[in-house]
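The primary structure of each chain is shown beneath.
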Amino acid sequence: MHGDHDHLHPHDDHAHHPDDHAHAAPAERWKHDGVRVIPGDKLDANTAQTPGMFRQAAINHARVGAQKIWAGTVAIAPDAKTGVHHHGALESVIYVVSGRARMRWGDRLEYVAEAGPGDFIFVPPYVPHQEINADPDQPLNCVLVRSDNEAVVVNITDVEPVERPETVHWVDPIHKHP
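Quick caveat: nothing in here was measured; it's all calculated off a predicted structure.

### Focus on the nonpolar core
Where a protein is soluble and globular, its nonpolar side chains tend to be buried together.
Inference 1: By size, the foremost hydrophobic cluster in this structure holds 16 residues, and its most contacted members are I94, V96, A101, I121, V123, L140 and C142.
Inference 2: Among the elements of the structure, β2 (70-76), β4 (92-98), β5 (101-105), β7 (120-123) and β9 (140-146) are those that each provide at least two residues to this core.

### Some details on empty space enclosed by the protein
Inference 1: Enumeration according to the criterion identifies one cavity of 30 Å³ or more in this entry.
Inference 2: In this model, the largest cavity occupies a volume close to 30 Å³.
Inference 3: Looking at the largest cavity, the residues that line it are M53, V74, I76, I94, A101, I121, E131, L140 and C142.
Inference 4: Among the secondary structure elements, those contributing two or more residues to the lining of the largest cavity are β2 and β9.
Inference 5: Classifying every residue of the lining of the largest cavity by side-chain character gives eight nonpolar, no polar and one charged.

### With respect to the pairing of β7
Inference 1: Here β7 shows a clear split, with I121 and V123 buried on one side and none of F120 and F122 buried on the other.
Inference 2: Summarising the sheet, β4 and β7 pair through four bridges and their orientation is antiparallel. By the bridge assignment, S92 is partnered in β7 with V123.

### Observations concerning the pattern of salt bridges
Opposite charge on two side chains permits them to pair, given that their charged atoms come into close proximity.
Inference 1: Overall, the coordinates contain three salt bridges when judged by the stated rule.
Inference 2: Across the pair R100 and E114 runs a salt bridge, and its minimum N-O distance is 3.0 Å. Separated by 14 residues along the polypeptide, R100 in the loop between β4 and β5 and E114 in strand β6 (residues 111-115) bring together distant segments of the chain.
Inference 3: Classification of R100 by relative accessible area gives partly exposed; the value is 34%.
Inference 4: In the salt-bridge network here, residues are joined through shared partners; they are R100, R102 and E114.

### Some remarks on the sheet that holds β9
For sheets, the rule is that strands pair by backbone hydrogen bonds, running either parallel or antiparallel.
Inference 1: The five strands are arranged β1-β2-β9-β4-β7 in an open sheet whose pairing can be described as antiparallel. Edge strands, defined here as strands with exactly one partner in the open sheet, are β1 (54-59) and β7. Pairwise comparison of adjacent strand axes, ignoring direction, gives a mean angle of 25° for this sheet.

### Some points on the layout of surface pockets
Inference 1: Computed from the structure, the largest pocket encloses a volume of approximately 510 Å³.
Inference 2: What lines the largest pocket is a set of 18 residues, and nearest its centre among them are W105, A113, I121, F122 and W170.
Inference 3: For the lining of the largest pocket, the secondary-structure elements that each account for two or more residues are β5, β6 and β7.
Inference 4: Top contributing element to the lining of the largest pocket by residue count: β7, with four residues.
Inference 5: Among the residues forming the lining of the largest pocket, the class breakdown is 13 nonpolar, two polar and three charged.

### What to know about unusual backbone geometry
Inference 1: One non-glycine residue, L109, lies in positive phi territory at about 55°.
Inference 2: With respect to the helices, strands and loops of the structure, L109 is situated in the loop between β5 and β6.
Inference 3: Taking the relative accessible area as the measure of exposure, L109 reaches 1% and is therefore buried.
Inference 4: Residue Y126 is not a glycine yet carries a positive backbone phi of 65°.
Inference 5: Counting through the fold element by element, Y126 comes out in the loop between β7 and β8 (129-133).

Cut-offs applied
- Residues numbered from 1 in each chain as written.
- Predicted model: local features only at pLDDT ≥ 70, side-chain atom pairs only at ≥ 80, totals over all residues.
- Heavy atoms only, no water.
- Core = buried A, V, L, I, M, F, W, Y, C linked by side-chain atoms within 4.5 Å.
- Buried < 20%, exposed > 50% of the residue type's maximum accessible area, 1.4 Å probe, protein only.
- Helix = DSSP H or I, 4+ residues; strand = E, 2+ residues; numbered from the N terminus.
- 1 Å grid on protein atoms, 1.4 Å probe; cavity = no way out; pocket = protein on both sides within 12 Å on 5 of 7 lines; lining within 4 Å.
- Points joined across faces, edges and corners; volume = space filled by probe spheres on them.
- Nonpolar A, V, L, I, M, F, W, Y, C, P; charged D, E, K, R; others polar.
- Pairing = 2+ DSSP bridges.
- Salt bridge = Lys/Arg side-chain N within 4 Å of Asp/Glu carboxyl O.
- Axes fitted to C-alpha atoms, helices over the stretch in contact; angles between N-to-C directions.

Now the structure itself:
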């Protein structure tokens, strides 16, 4: 059959990588399609926003050709909270760089947990949530990674939050309930 690889020369690297620059010298093959460094002061604020927070994209399809992930930063002013939102089918990971994050989630934001510097937060698909800066004096700064290259944000305006959310502790096979 004409499309089979057995007709290709075994030492022809480019035959196996149709997306590579076919005419590039082997030493330059990954020059523009290899590792990319995005300087922290060159992030892109032209991404989906939610009231109360400032998101900036570092890694996405438009900037670096990412196919499966989105990454960027989020900043929340002291004592501020975001609007309620979710991220569709995407999974999100938030890494707290500095400050104190209070997360509320659920249909009526009935659950709450806090995270500090060095902590990771996982947000499953479609979970309505709100990020709160629990520190009245310091900004909350986080790194955000999502499971697709587009920043899906669905802002929800008709949530009636419960007065006192239930604190949820991390419990798993190696962490017992306090």
